[in-house]
Amino acid sequence: MMYSLPNLLTLSRIAVIPLVIATFYVSGPEARWVCLTLFVAAAITDFFDGWLARRSNQVSAFGRFLDPIADKLLVAAVLLLLPAFGMLSPYSFIPAIIILCREILVSGLREFLAEVRVGMPVTRLAKWKTTAQMTALGVLIVGDHAGLGWLPVQALGEVLLWAAAGLTVVTGHDYLKAGLSHMRAQDMKQDGGEAGESAA
């Protein structure tokens, strides 16, 4: 199961990250388009790995563990590279930080809920959030220097990034609310157990 086709697609999404990073260090519009091609190919695998896993009945614990990590690594790498190479305005650092903080928060929640054997399924809105993020980052990778001269590509990408950050806040709140309810239930369970031991 670890080396099934869906899992290999997920692994390929991680393997392409060094190539995406390398293109940022190459000047010229051609490098931007190569970077976009690699990024889009990686983003497409995010759809097909899950679809293939369900279709071929190859859903695995390894795939469920790795899939969200692959997404977060790819998004985080590009979000850090864009401002480093002057491809993001200072005002758009804010949605970038929001997105990164949300990913760390959700990762922590998933780790806690895994310890108490509670799953946190991906919601439809979270999938829209991922789509908005990938679209915004893809547009920003091209930017004004490699885009169409008459189209403000970077401005469009930054608007999409703000929209993605808005969805990020909403979905992050939903996950946090669900996580806190499980935490309270866990605390009540422990308190009840301790009270029972004291009574005994």
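Residues numbered from 1 in each chain as written. Predicted model: local features only at pLDDT ≥ 70, side-chain atom pairs only at ≥ 80, totals over all residues. Heavy atoms only, no water.

**Q** How should a nonpolar patch on the surface be read in this particular structure?
**A** Taken together, the side chains of Val40, Ile44, Phe47, Phe48 and Trp51 make up a nonpolar region of the molecular surface, amounting to roughly 450 Å² of accessible area. Relative to the helices and strands, Trp51 resides in helix H3 (residues 29–55). Relative accessible area serves as the criterion here: at 34%, Trp51 is assigned to the partly exposed category. (Patch = residues over 30% accessible without salt bridge, like charges linked within 9 Å, V, L, I, M, F, W, Y side chains within 5 Å. Areas by Shrake-Rupley, 256 points an atom, 1.4 Å probe, with all protein chains shown as cover. Salt bridge = Lys/Arg side-chain N within 4 Å of Asp/Glu carboxyl O. Helix = DSSP H or I, 4+ residues; strand = E, 2+ residues; numbered from the N terminus. Buried < 20%, exposed > 50% of the residue type's maximum accessible area, 1.4 Å probe, protein only.)

**Q** Looking at this model, I keep getting lost on helix H6 (residues 124–146). Mind explaining?
**A** Since the α-helix turns once every 3.6 residues, residues separated by three or four places project in the same direction. With 23 residues, H6 ought to run about 33 Å at 1.5 Å a step, and its terminal C-alpha atoms sit 33 Å apart, in line with that. By the largest-angle criterion, Leu140 marks the main kink of H6, which is about 30 degrees. (Expected span 1.5 Å × (residues − 1). Bend = angle between axes of the 7 residues up to and from the residue.)

**Q** Help me understand the packing of helix H1 (residues 5–15) against helix H4 (residues 61–84) in this model?
**A** When two helices pack together, their arrangement is given by the angle between their axes and by how far apart the axes lie. For the pair H1 and H4, the least separation of the axes is 9 Å and the interaxial angle reads 25 degrees. On the basis of their axis angle, the class for H1 and H4 is roughly parallel. Relative to H4, the crossing made by H1 is left-handed. For the pair H1 and H4, contact is made by Asn7, Thr10, Leu11, Arg13 and Ile14 and by Phe62, Gly63, Leu66, Asp67, Ala70, Asp71, Leu73 and Leu74, respectively. Among the residues making up the contact of H1 with H4, the classes are represented as seven nonpolar, three polar and three charged. (Axes fitted to C-alpha atoms, helices over the stretch in contact; angles between N-to-C directions. Parallel < 35°, antiparallel > 145°, perpendicular 65-115°, else oblique. Left-handed = near helix turned anticlockwise from the far one by under 90°. Contact = heavy atoms within 4.5 Å. Nonpolar A, V, L, I, M, F, W, Y, C, P; charged D, E, K, R; others polar.)

**Q** Is there a simple way to explain the environment of Gly143 in this structure?
**A** Examined against the element boundaries, Gly143 turns out to sit in helix H6. A sequence separation of 15 residues divides Gly143 from Glu158, and the C-alpha atoms of the two residues are 9.9 Å apart. Non-local contacts of Gly143, meaning those with residues more than four positions away in its chain, are made with Val153 and Gln154.

**Q** Can you help me understand the side chain of Arg102 in this one?
**A** Note on placement: Arg102 falls in helix H5 (residues 93–115). Given the relative accessible area of 7%, Arg102 is considered buried. Leave out the neighbours within four places in its chain, and Arg102 touches Lys129, Thr168, Thr171, Gly172 and Tyr175.

These values are about where atoms sit, not about what they do.
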